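Take a look at the letters that make up each chain.
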Amino acid sequence: MENEIYSLCFMCSVRCPIKVQVKDGQVRWIEGNPLVPGMEGSLCPRGAAGINMLYDNERLQSPIIRDGERGAGKWRKVGWDEALDYIAEKLKNIIDKNGGQSVVLGERTQLATHVSKSFLKAIGSPNHFTHDALCKGSVNTACRSLFGYTDAQLGIDYKNTKHIVLYGRNIFEAISVKEVNNLTQALENGAKLTYIDPRVTVTATKAHRYWMIRPGTDLALNYALINVILKERLYDSQYVDRWVQGLAELQDFVQPYTPQWAEEETGIPADEIVTFAREISRDKPAVIFHFGYRGASYTNEIYQRRAIMILNSLMGSVEAKGGFFIKKGPGEVGGKPARKLTEQEFPKLDLTRFDKVGTPEFPLPDPNHGVAQILPHAILKEDPYPIKALIAYRLDPLGSIPDTALTKKALDKLDLLVTIDINYSDIAWYSDVVLPESSYLERTDCIQQANGLKPQMFLRRQAVAPRYDTREGAMILKQIAERIGVGRYFPYENMEELLRWQLDGTGFSLDDFNAKGFVAYGKDQIFWDRKDGLKFKTPSKKIEFTSALLENAGFKSFPVYEPVVRPNGGNFRLVTGRIALHTHVSTQNNPYLHEITPENVLWINTRKAAERGIKNNDVVEVTSEKGAGKIKAFVTDMIHPETVFMLHGFGHEAKLASRSYNKGVSDSMLQKNVSDIIGGSPALHETFVTVNPA
Ligand SMILES: Nc1nc2c(c(=O)[nH]1)N[C@H]1C(S)=C(S)[C@@H](COP(=O)(O)OP(=O)(O)OC[C@H]3O[C@@H](n4cnc5c(=O)[nH]c(N)nc54)[C@H](O)[C@@H]3O)O[C@H]1N2
Ligand SMILES: Nc1nc2c(c(=O)[nH]1)N[C@H]1C(S)=C(S)[C@@H](COP(=O)(O)OP(=O)(O)OC[C@H]3O[C@@H](n4cnc5c(=O)[nH]c(N)nc54)[C@H](O)[C@@H]3O)O[C@H]1N2
Ligand code: SF4
Ligand SMILES: [Mo]
């Protein structure tokens, strides 16, 4: 028997639409869904390695309960009833003694997030958090401060752009397939690419202009660009006059930040800054200054992200073809979105979050996501209250929150640590109970509401039966909820019932997804009228250069530029990032991906390496104030001398993931847990390291 199933990849959280070919109950081939524009049948290497994930025997195969010290790796294989009863019993005791708020659930935002949020609401805990702050919290806050929309509510029209500027947005290695395909097409049509990174990445090699910026100084570059654009009146004055609040204040503010000044700070020649500003302005509004994700991860990150989006606003590129657009939901065409369990009536809750988001201490990060890296601090200080249990669901706090030793110390204080994963992740390895989820090829998932120029819905459909004793996350949480007496909030017996409940009232049925894997609410792209129809959600209904959000919370819209600390000559700024072959902390044990990239290496500048007697491929010791590790050196001219770089996601501790165990070094182990306290992101690049021959 052969069949083809349209579904969604989950080798990373981009969730590309895919077509899966199944023969005799086995997945034979996966490709990008050819019916989705931008996919054109293509997949990234990780998406292709989904088959190896499915048929890997080193993933979780049944529920397990710890049978020794935390992290000792002694496990007892149990059935689902025993595992769920065990968890429910512990949770009931914890909630009775300490209240619902002592239970925290953290996850990578995913299709079943409405289920986990409902689980916490049902038990009376405000403490749901996502990966968002770790990934792009300051981008989110910056976008809300300017537009009243989060970054996730903005889309990018790569295909029609004429000039794109990427600040460490390493788009050809940190991949989203559609973005790569659409941008490639734009480049073939003559678009320009300007790339800025202290390191020559694959994206740098495809750029028309590359600047090896001094790490942490992008804000200085941006202030100089704004200076030139305002002085030479290169901006879209019609758009700015109509839609921007605070231009005069910005104009005064950027006076001192000349290209000459920026050259000193960034290392980018002043005349190149001026030439670039003039050149890109000619293509407005079809230009994109990408707000970026993990490049430029510093304590002042929010102002860097704001400066980027201010540049877009000056170019009139927000809600423009070839620029940014505000994503349109089904409401725009008279449709209804899929329902979420969170819409139900829950008991009222008026409690401070563990991370204090929304309080005067931490007012601005998005309370829909919270701030993950505060968790270890909150547990250790018992501030605002004791936390006793953590459920880690498709999120690895040990690999993904900086300062692993601190995180472990905090986890040691918990009475219960549960992980829902597919792999022997490091957090699973450290847990009391591990619940295996069926992998994305083995499960049907909740509806994906995909807002955009055309609102759509996508579906992840089971391609093959689970190979092991695993379940869907939405069923697992429901089954725990039932055992602690709050099952009524989960009105379904299986995934199909949940999907029907979600689709109720949308006018679509499950069968409507059969033909293409998705359904669309309308045919046409929706752009709002730039003259009068833009619906910004700020208090002024304009783009707020002078931001009510920031200023009402006591922060400045335009703080004076403060230079980042430079390395002292003996040390380096540690920066980290991604490669096309791996997803964060989760694919290092995948047989194929492991074979191609088994470990990470430390990029170090040739001159700096020579000063220390380090040659290419030598093993070096890299040491921060938080930890140390041994890693191979990659000696190269392709990195700024103040910086060393390593891939994120290596140095795993789980022994049963035998391929990735102890290979390479973990960046989280070296990094300090400090944050941009206005925007919410961890400042991952504020750690300095020394590098010496091992
Ligand atoms: N293959 C793959 N693709 C992915 C992912 C994955 O895990 N694997 N994850 C997805 C996710 S969740 C995300 S958030 C995105 C991340 O997408 P990106 O943010 O584009 O990815 P990173 O590799 O983290 O990029 C960091 C880059 O910033 C540079 N950088 C460091 N400091 C500075 C600085 O001060 N200024 C500038 N201009 N650059 C600097 C680093 O050298 C590095 O090249 O990728 C997505 N796509
Ligand atoms: N030090 C440091 N920290 C970082 C970053 C960094 O560059 N350096 N990057 C940040 C960024 S941009 C992001 S987005 C976050 C990502 O942080 P995480 O979400 O923690 O990382 P992932 O590797 O995406 O996946 C986490 C876990 O999900 C599991 N998983 C995969 N598929 C499934 C599934 O279908 N079901 C279940 N239940 N589990 C599954 C994996 O096995 C893995 O253990 O990390 C952030 N943290
Ligand atoms: S970018 Fe690659 S791994 Fe991520 S969802 Fe798309 S195909 Fe899968
Ligand atoms: Mo991310």
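Everything that follows concerns the structure shown earlier in this document.
Everything numeric in this text was worked out from a predicted model, so none of it was measured.

## Quick word on the site of ligand 2
Turning to step 1, where the next piece is worked out: Close to ligand 2 lie 29 residues; S400, D421, E437, D667 and Q671 are nearest.
Turning to step 2, where the next piece is worked out: In this structure, D396 approaches ligand 2 through a main-chain N or O atom, which is 2.9 Å from an oxygen atom.
Turning to step 3, where the next piece is worked out: With respect to ligand 2, the backbone of I420 contributes an N or O atom lying 3.1 Å from a nitrogen atom.
Turning to step 4, where the next piece is worked out: In isolation ligand 2 exposes 910 Å². Once the protein is present, 98% of that is buried.

## Digging into a negative patch on the surface
Turning to step 1, where the next piece is worked out: On the surface, E263, E264, D271 and E272 cluster together into a negatively charged patch.
Turning to step 2, where the next piece is worked out: For the negative patch, the elements supplying multiple residues, two or more each, are α11 (259-266) and α12 (270-281).
Turning to step 3, where the next piece is worked out: On the secondary structure map, D271 appears in helix α12.

## Notes on the site of ligand 1
Turning to step 1, where the next piece is worked out: Residues in close proximity to ligand 1 total 32 residues, the closest being D197, G216, D218, R578 and H582.
Turning to step 2, where the next piece is worked out: The contact in question runs from an oxygen atom of ligand 1 to an N or O atom on the backbone of G168, over 3.3 Å.
Turning to step 3, where the next piece is worked out: The residue makeup of the shell around ligand 1, split by class, is 13 nonpolar, ten polar and nine charged.
Turning to step 4, where the next piece is worked out: When residues of the shell around ligand 1 are assigned to domains, at least three fall in each of domain 2 (138-328 + 527-552) and domain 3 (572-693).

## Remarks on the packing of aromatic side chains
Turning to step 1, where the next piece is worked out: Inspection of the entire model under this criterion finds 22 aromatic pairs.
Turning to step 2, where the next piece is worked out: For the ring pair W261 and Y561, a centre distance of 5.1 Å and an interplane angle of 90 degrees mean the geometry is edge-to-face. Taken together, the residues span a long stretch of sequence, with W261 in helix α11 and Y561 in the loop between α20 (548-552) and β22 (572-577) at a distance of 300 residues.
Turning to step 3, where the next piece is worked out: Accessibility expressed as a relative area gives 8% for Y561, which makes it buried.

## Side note on the sheet that holds strand β20 (residues 518-520)
Turning to step 1, where the next piece is worked out: Spatially, the three strands line up as an open sheet ordered β18-β19-β20, and their pairing is antiparallel. The open sheet has two free edges, formed respectively by β18 (448-450) and β20, since each of these has just one partner strand. Averaged over all neighbouring strand pairs, the angle between strand axes comes to 20 degrees, with direction disregarded.
Turning to step 2, where the next piece is worked out: Pairing analysis gives three bridges linking β18 to strand β19 (residues 456-458), with the strands arranged antiparallel. Bridging from a neighbouring strand, A450 pairs with Q456 of β19.

## Side note on the pairing of strand β15 (residues 389-393)
Turning to step 1, where the next piece is worked out: With respect to burial, β15 is a largely interior element, five of its five residues being buried.
Turning to step 2, where the next piece is worked out: The side-chain alternation of β15 yields two buried faces, one formed by A389, I391 and Y393 and the other by L390 and A392.
Turning to step 3, where the next piece is worked out: Of the strand pairs in this sheet, strand β6 (residues 103-107) and β15 are connected by five bridges, and their pairing is parallel. Pairing of L105 across the sheet is with I391, part of β15.
Turning to step 4, where the next piece is worked out: With five bridges connecting them, β15 and strand β16 (residues 416-421) associate as parallel partners. Residue A389 lies in a different strand from β16, and its bridge partner there is L416.

## So, the environment of I156
Turning to step 1, where the next piece is worked out: As for its placement among the helices and strands, I156 is situated in strand β8 (residues 154-156).
Turning to step 2, where the next piece is worked out: Residue class for I156 comes out buried when judged on its relative accessible area of 16%.
Turning to step 3, where the next piece is worked out: Between the alpha carbons of I156 and I379 there is a distance of 38 Å; along the sequence they are 223 residues apart.

## Side note on the sheet that holds strand β24 (residues 619-623)
Turning to step 1, where the next piece is worked out: Strand order in the closed barrel made by the six strands is β22-β26-β23-β25-β24-β27, with mixed pairing throughout. Mean inter-strand twist for the sheet, computed between neighbouring axes without regard to direction, equals 45 degrees.
Turning to step 2, where the next piece is worked out: Taken together, the five bridges between β24 and strand β25 (residues 628-636) define a ladder with antiparallel strand orientation. Note that in β25 the partner of E621 across the bridge is K630.

## Remarks on the environment of Y158
Turning to step 1, where the next piece is worked out: Along the chain, Y158 falls in the loop between β8 and β9 (163-167).
Turning to step 2, where the next piece is worked out: C-alpha of Y158 to C-alpha of T109: the two residues are 49 residues apart in sequence and 24 Å apart in space.
Turning to step 3, where the next piece is worked out: In contact with Y158, not counting residues within four places along its chain, are I164, I171, E179, N182, L183, A186, I288 and H290.

## Section: the packing of helix α8 (residues 218-231) against helix α13 (residues 301-314)
Turning to step 1, where the next piece is worked out: α13 packs onto α8 with a crossing angle of 25 degrees between their chain directions and a minimal axis gap of 9 Å. Accordingly, the angle class assigned to the pair α8 and α13 is roughly parallel. Between α8 and α13 lies a crossing of left-handed hand. For the pair formed by α8 and α13, the contact residues are D218, L219, N222, Y223, L225, I226, I229 and L230 on the first element and Y303, Q304, A307, I308, I310, L311 and L314 on the second.
Turning to step 2, where the next piece is worked out: Looking at the contact of α8 with α13 residue by residue, the class counts come to twelve nonpolar, two polar and one charged.

Analysis parameters
Residues numbered from 1 in each chain as written. Chains lettered and ligands numbered in written order. Predicted model: local features only at pLDDT ≥ 70, side-chain atom pairs only at ≥ 80, totals over all residues. Heavy atoms only, no water. Near = heavy atom within 4 Å. Polar contact = N/O pair within 3.5 Å; in protein donor to acceptor, adjacent residues only side chain to side chain. Areas by Shrake-Rupley, 256 points an atom, 1.4 Å probe, with all protein chains shown as cover. Patch = residues over 30% accessible without salt bridge, like charges linked within 9 Å, V, L, I, M, F, W, Y side chains within 5 Å. Salt bridge = Lys/Arg side-chain N within 4 Å of Asp/Glu carboxyl O. Lys, Arg positive; Asp, Glu negative; His and termini not counted. Charge placed at Lys NZ, Arg CZ, Asp CG, Glu CD. Helix = DSSP H or I, 4+ residues; strand = E, 2+ residues; numbered from the N terminus. Nonpolar A, V, L, I, M, F, W, Y, C, P; charged D, E, K, R; others polar. Domains from an automatic or database assignment. Phe/Tyr/Trp six-rings, centres within 6.5 Å; stacked < 30°, edge-to-face > 60°. Buried < 20%, exposed > 50% of the residue type's maximum accessible area, 1.4 Å probe, protein only. Pairing = 2+ DSSP bridges. Axes fitted to C-alpha atoms, helices over the stretch in contact; angles between N-to-C directions. Contact = heavy atoms within 4.5 Å. Parallel < 35°, antiparallel > 145°, perpendicular 65-115°, else oblique. Left-handed = near helix turned anticlockwise from the far one by under 90°.

Functional significance is not addressed by these values, which are geometric in nature.
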